[in-house]
Amino acid sequence: MLFFSYFKDLVGREVTVELKNDLAIRGTLHSVDQYLNIKLENTRVVDQEKFPHMLSVRNCFIRGSVVRYVQLPSDGVDIDLLHDATRREARGG
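Per chain, the residues get numbers from 1 upward, laid out in the order the sequence is written. Selection of residues for local features in this predicted model requires a pLDDT of at least 70, selection of side-chain atom pairs for listing and counting requires 80 or more, and totals for whole chains, interfaces and linings are taken over all residues. Only heavy atoms go into the side-chain values, all of them from the structure, while hydrogens and water stay out.

A.B. asks: Would you mind showing me how to read the pattern of salt bridges here?
C.D. replies: For side chains bearing opposite charge, pairing can occur when the charged atoms are close. The working definition used for a salt bridge is a side-chain nitrogen of Lys or Arg within 4 Å of a carboxyl oxygen of Asp or Glu. Scanning all chains against the criterion turns up three salt bridges. A salt bridge links Glu 14 to Arg 44, with the shortest nitrogen-to-oxygen separation between them at 3.2 Å. Within this pair, whereas Glu 14 is found in strand S1 (residues 14-19), its partner Arg 44 is found in strand S3 (residues 38-45), the two being separated by 30 residues in sequence. Only protein chains enter the accessibility calculation, which uses a 1.4 Å probe; a residue whose area is less than 20% of its type maximum is buried, one above 50% is exposed, and one in between is partly exposed. Glu 14 sits in the partly exposed class, given a relative accessible area of 39%. As a salt-bridge pair, Glu 18 and Arg 68 come within 2.8 Å of each other at their nearest N and O atoms. Placement of the pair is Glu 18 in strand S1 and Arg 68 in strand S5 (residues 67-71), with a sequence separation of 50 residues. Put simply, DSSP H or I for four residues or longer makes a helix, DSSP E for two residues or longer makes a strand, and each gets a number counted from the N terminus.

This is how it looks when you write it as C-alpha cells:
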C-alpha cells in the first residue's frame, strides 16, 4: 500500500509511464487505484516516430500489470518521507 498512497499524493501532477512494450506516455495523473492502474489525461507519446498511431490519444487508462516504470517529477519526491514510510511498513505498522 506504500506506493498506492504515494501515487495518490501525485494526482494532478505530470508523470511519464513506460509500459512493458516500450511505449512511454507522458500526462497528468488523474487517478490511481490499489492495483496501481493509472488514468492519465492530456497525454502525449514520448517517442512519436515509433508510435504514430498514438498521437490522437488524449486520455488513457493503463492497467497496472503492464507498467514497467513511472517517472515522477523531481520536485514531487520527498526522499525522507519515503524512507520513513518504508521503515514503518517493514516493521509491520
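A.B. asks: Hey, could you run me through the sheet that holds S5 in this one?
C.D. replies: Backbone-to-backbone hydrogen bonds pair the strands of a sheet. The strands run either parallel or antiparallel. Spatial strand order, S4-S3-S2-S1-S5: five strands in an open sheet with antiparallel pairing. The open sheet is flanked by strand S4 (59-62) and S5, the only strands paired with a single partner. Adjacent strand axes in the sheet meet at a mean angle of 40°, parallel and antiparallel pairs treated alike. Pairing between strands requires that DSSP locate at least two bridges from one strand to the other. As paired strands, strand S2 (residues 24-32) and S3 are joined by six bridges and run antiparallel to one another. Directly across from Ser 31, in S3, lies its bridge partner Lys 39. Axis lines are fitted to C-alpha atoms, over the contacting stretch for helices. Their N-to-C directions set the angle, which ranges from 0 to 180 degrees.

A.B. asks: Sorry if this is basic, but what is going on with the nonpolar core here?
C.D. replies: The definition of a nonpolar core used throughout is a set of buried Ala, Val, Leu, Ile, Met, Phe, Trp, Tyr and Cys residues joined through side-chain atoms within 4.5 Å. Counting residues in each nonpolar core, the largest one holds 19 residues, and the members touching the most others are Val 17, Leu 19, Leu 23, Ile 25, Ile 38, Leu 40 and Ile 62. Where this core is concerned, the elements lending two or more residues are helix H1 (2-9), S1, S2, S3 and S4. By definition, residues are in contact when any of their heavy atoms lie within 4.5 Å. When sequence neighbours within four positions are dropped, the list of residues in contact with Leu 40 reads Val 15, Val 17, Ile 25, Gly 27, Thr 28, Leu 29, His 30, Arg 58, Asn 59, Cys 60 and Ile 62.

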